[in-house]
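A closer look at the structure
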Amino acid sequence: MNSRNVLILPGWQNSGPEHWQSRWERAHGFTRVEQHDWERPLRGDWIARLEDVLLSCDEPAVLVAHSLGCIHVAAWAAHSRNTHRVKAALLVAPPDVEQDGVREMLPGWSPIPLQTLPFKTVLFASSDDPFCAPERARRFAAAWGAELTDAGPRGHLNAESGLGDWLQAYAELQRLMRL
């Protein structure tokens, strides 16, 4: 699989240089799906941008989403006629955008689409993510038809979690790329 067709989908405020997504992008030549506004994410704009990038890929892509990027994938898949352009998805730390505090930070992202995703999906969740209780992560995984992996007590699975290159998740990504 061409590494350019592994699409990095950061969440709200993008992923900084020490985030595992950024480290993977630099090390492996993956493509970050850039958004015009990382601070005030608009659901429709983000969905349209992903659609455009997927249509430019020369083979089905693998999506690598963190945080709001996970909700982005579910929202895109619920509306797109081009879901066949995705081979698989690695979803990490989906936020519960229906939770009061999170909904206020990210207006326009609820309700969360809970349709089965039409491609192989693996979801990593932390047991102490401040933005998503473990039972909600399990519900998302079940609704999306995703294989759930418990990453243990590691916060929001971001740069502050100290994951570095996060070899466990990268090994899962390599498996998805070989499908």
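**Thoughts on the overall build of the protein chain**
Helix and strand counts for the protein chain come out as six helices and six strands. Going from N to C terminus, the protein chain has its helices and strands arranged as β-α-β-α-β-α-β-α-β-α-β-α. Against the 2.2 N^0.38 benchmark of 16 Å for 179 residues, the protein chain shows a C-alpha radius of gyration of 15 Å, consistent with a compact globule. Projected onto the principal axes, the alpha-carbon positions of the protein chain cover approximately 40 × 30 × 30 Å. Burial statistics for the protein chain: of 179 residues in total, 54% are counted as buried. By sequence separation, contacts in the protein chain at least 24 residues apart represent 78% of the contacts at least 6 residues apart. For the protein chain, the exposed area adds up to about 7,900 Å²; of that, 50% sits on carbon and sulfur atoms. Computing the positive centroid from 18 side-chain charges and the negative centroid from 22, the protein chain places the two 6 Å apart.

**Section: the packing of helix α2 (residues 43–56) against helix α3 (residues 68–79)**
At a closest axis distance of 10 Å, the pairing of α2 and α3 adopts a crossing angle of 75°. Here α3 runs roughly perpendicular to α2, going by the angle between their axes. Judged by residue contacts, Arg43, Trp46, Ile47, Leu50, Glu51 and Leu54 of α2 engage Leu68, His72, Ala75 and Trp76 from α3. When the residues that make up the contact of α2 with α3 are grouped by side-chain class, the tally is seven nonpolar, one polar and two charged.

**Some points on the side chain of Asn158**
Note that Asn158 resides in the loop between β6 (147–150) and α6 (167–177). The residues contacting Asn158, other than those within four sequence positions of it, are His19, Trp20, His66 and Leu163.

**Considering the state of the cysteines**
Summed over all chains, the structure comprises zero disulfides. Between Cys70, a cysteine without a disulfide, and Cys132, which holds the nearest cysteine sulfur, the sulfur-to-sulfur distance is 9.3 Å.

**Thoughts on the nonpolar core**
Core analysis: the largest hydrophobic core is formed by 39 residues, its most contacted members being Leu7, Leu63, Leu91 and Trp144. Contributions of two or more residues to this core are made by β1 (6–9), α2, β3 (61–66), α3, β4 (86–92), β5 (120–125) and α5 (134–144). Element by element, the count of residues in this core is highest for α3, at eight residues. Dropping the residues within four chain positions of it, Leu63 is found in contact with Leu7, Leu9, Leu50, Leu54, Val73, Val86, Ala88, Ala89 and Leu90. If you look at the next biggest cluster of nonpolar residues, it comprises 22 residues, including Phe30, Val64, Ala93 and Phe124.

Cut-offs applied
Residues numbered from 1 in each chain as written. Predicted model: local features only at pLDDT ≥ 70, side-chain atom pairs only at ≥ 80, totals over all residues. Heavy atoms only, no water. Helix = DSSP H or I, 4+ residues; strand = E, 2+ residues; numbered from the N terminus. Rg over C-alpha atoms; globule rule 2.2 N^0.38 Å. Buried < 20%, exposed > 50% of the residue type's maximum accessible area, 1.4 Å probe, protein only. Contact = heavy atoms within 4.5 Å. Areas by Shrake-Rupley, 256 points an atom, 1.4 Å probe, with all protein chains shown as cover. Lys, Arg positive; Asp, Glu negative; His and termini not counted. Charge placed at Lys NZ, Arg CZ, Asp CG, Glu CD. Axes fitted to C-alpha atoms, helices over the stretch in contact; angles between N-to-C directions. Parallel < 35°, antiparallel > 145°, perpendicular 65-115°, else oblique. Nonpolar A, V, L, I, M, F, W, Y, C, P; charged D, E, K, R; others polar. Disulfide = S-S within 2.5 Å. Core = buried A, V, L, I, M, F, W, Y, C linked by side-chain atoms within 4.5 Å.

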